[in-house]
Amino acid sequence: MAYKLWYWPSIQGRGEFVRLALEGAEIAYEDCARGVGEEGLMTDLNDRTGRTPFAPPYLELDGLVIAQVANILMYLGERHGLAPSNMADRLWLNQLQLTIADLVAEVHNVHHPVAMMDYYDDQKPEAERAAKQFREERMPKYFGHFEDAAQANPGDWLIDHKWTYADTSLFQVIEGLRYMFPKRMKTLEPDYPTLIRIHDQVAELPGIKAYFKSDRRLAFNTDGIFRAYPELDAE
Ligand SMILES: N[C@@H](CCC(=O)N[C@@H](CS)C(=O)NCC(=O)O)C(=O)O
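Asks: Even after reading the chapter, I still don't get the environment of T164, so can you show me in this structure?
Replies: Within the secondary structure, T164 sits in the loop between α5 (124-152) and α6 (165-180). The residues contacting T164, other than those within four sequence positions of it, are L82, A83, P84, L93 and I159.

Asks: So what exactly am I meant to see when it comes to the packing of α6 against helix α8 (residues 193-203) here?
Replies: In contact at an axis separation of 9 Å, α6 and α8 are set at 105° when each is read in the N-to-C sense. Regarding the angle of α6 to α8, the classification is roughly perpendicular. Residues D167, T168, L170, F171, I174, E175 and R178 of α6 touch α8, and the partners they reach there are L195, I196, I198, H199, V202 and A203. Split by residue class, the contact of α6 with α8 holds eight nonpolar, two polar and three charged.

Asks: What is the right way to look at the site of the ligand in this model?
Replies: By nearness alone, every residue bordering the ligand is listed as Y7, W8, R14, F54, A55, P56, P57, Q68 and V69. W8 is positioned such that a nitrogen or oxygen atom in its side chain is 2.8 Å from an oxygen atom of the ligand. Between the ligand and Q68 there is a distance of 2.7 Å, counted from a nitrogen atom to a side-chain nitrogen or oxygen. Its free accessible area being 500 Å², the ligand has 70% of it covered by the protein chains. Considering only residue class, the shell around the ligand consists of seven nonpolar, one polar and one charged.

Asks: Explain the packing of helix α4 (residues 87-111) against α5 here, please?
Replies: Two packed helices can be described by the angle between their axes and the distance between those axes. In contact at an axis separation of 9 Å, α4 and α5 are set at 165° when each is read in the N-to-C sense. Classified by the angle between their axes, α4 and α5 sit roughly antiparallel to one another. Relative to α5, the crossing made by α4 is left-handed. Contact residues: W92, L96, T99, I100, D102, L103, E106, V107, N109, V110 and H111 in α4; A127, A130, A131, F134, R138, Y142, H145, F146 and A149 in α5.

Rules behind the numbers
- Going along each chain's sequence as written, the residues are numbered from 1 onward.
- Residue-level local features of this predicted model are given only where pLDDT is at least 70; pairs of side-chain atoms are given and counted only at 80 or more, and the full residue set underlies all totals for whole chains, interfaces and linings.
- The side-chain numbers reported here are obtained from all heavy atoms of the structure, hydrogens and water having been left aside.
- Secondary structure elements are taken from DSSP: a helix is a run of H or I of four residues or more, a strand is a run of E of two residues or more, and numbering for both begins at the N terminus.
- In this analysis, two residues are considered to be in contact whenever any of their non-hydrogen atoms come within 4.5 Å of each other.
- Only the stretch in contact is used when fitting a helix axis, every axis being a line fitted to C-alpha atoms; angles between N-to-C directions are given from 0 to 180 degrees.
- Every angle not falling under 35 degrees, over 145, or within 65 to 115 is termed oblique; those three ranges are roughly parallel, roughly antiparallel and roughly perpendicular.
- Three residue categories are used. Nonpolar comprises Ala, Val, Leu, Ile, Met, Phe, Trp, Tyr, Cys and Pro, charged comprises Asp, Glu, Lys and Arg, and polar comprises the others, including Gly.
- Residues are classed as near a molecule or strand on a simple rule: at least one heavy atom within 4 Å of it.
- Throughout this description, a polar contact denotes any pair of N or O atoms lying within 3.5 Å of each other; where both atoms belong to protein, one of them has to be capable of donating a hydrogen while the other can accept it, and for residues adjacent in sequence the pair is counted only when both atoms sit in side chains.
- Where accessible areas are quoted, they stem from the Shrake-Rupley method and a 1.4 Å probe; at the residue level, only the protein chains shown are allowed to cover.
- Whether a crossing is left-handed or right-handed is set by the direction in which the near helix is turned from the far one by less than a right angle, anticlockwise for left-handed and clockwise for right-handed.

So this is what it looks like as structure tokens:
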């Protein structure tokens, strides 16, 4: 039976980290809100009782409902061999994924530095200040951490000799930041050759290639997490 993935239908957002792992591994899933729309998603979420998700994305199969990107990916990793099997490696992988989640939250705070529910237009001067610090200090710090992690692994991937959900997530971070900060990425990328190599390897996975050719992969837009506001970019 196919998984049911619940996420906002018109953006890549955090749901994309789950989609990429599913697509890369060619695991069947239904992207439910693409059928029933935002209202259907809200109805599904609001009608749930008991152990409910706080927010999308969440994944459902056989009565099990899992939320939080890193938690969903940990489940998929263990269930479908997208993660190593020993405890130390599983914890390391989860640690990398949680650090990616921290990075994603900071990316969102760049265009919403003051108030999450207000428009970007209402917090532009603060966003400019946040973007400068993010570009100049946070991006190199995160990239350096992931580059060191990848270089410490004897295999071709972030961990192990086979791709895991952290590799597809890292791919999405690079794709998203290229869309959001094209000028900054151009100057930074040469310093992180291992990350770029892993990105390129993910792009060549058969499941990912098929996904990119399909209409399931939405384009980035300025409603998602990675937003291209040219005034926030610089070398
Ligand atoms: N830490 C959660 C964050 C989930 C989240 O913030 N989801 C967003 C969309 S990307 C949302 O719909 N939030 C609604 C809300 O926070 O009220 C995760 O990684 O899944």
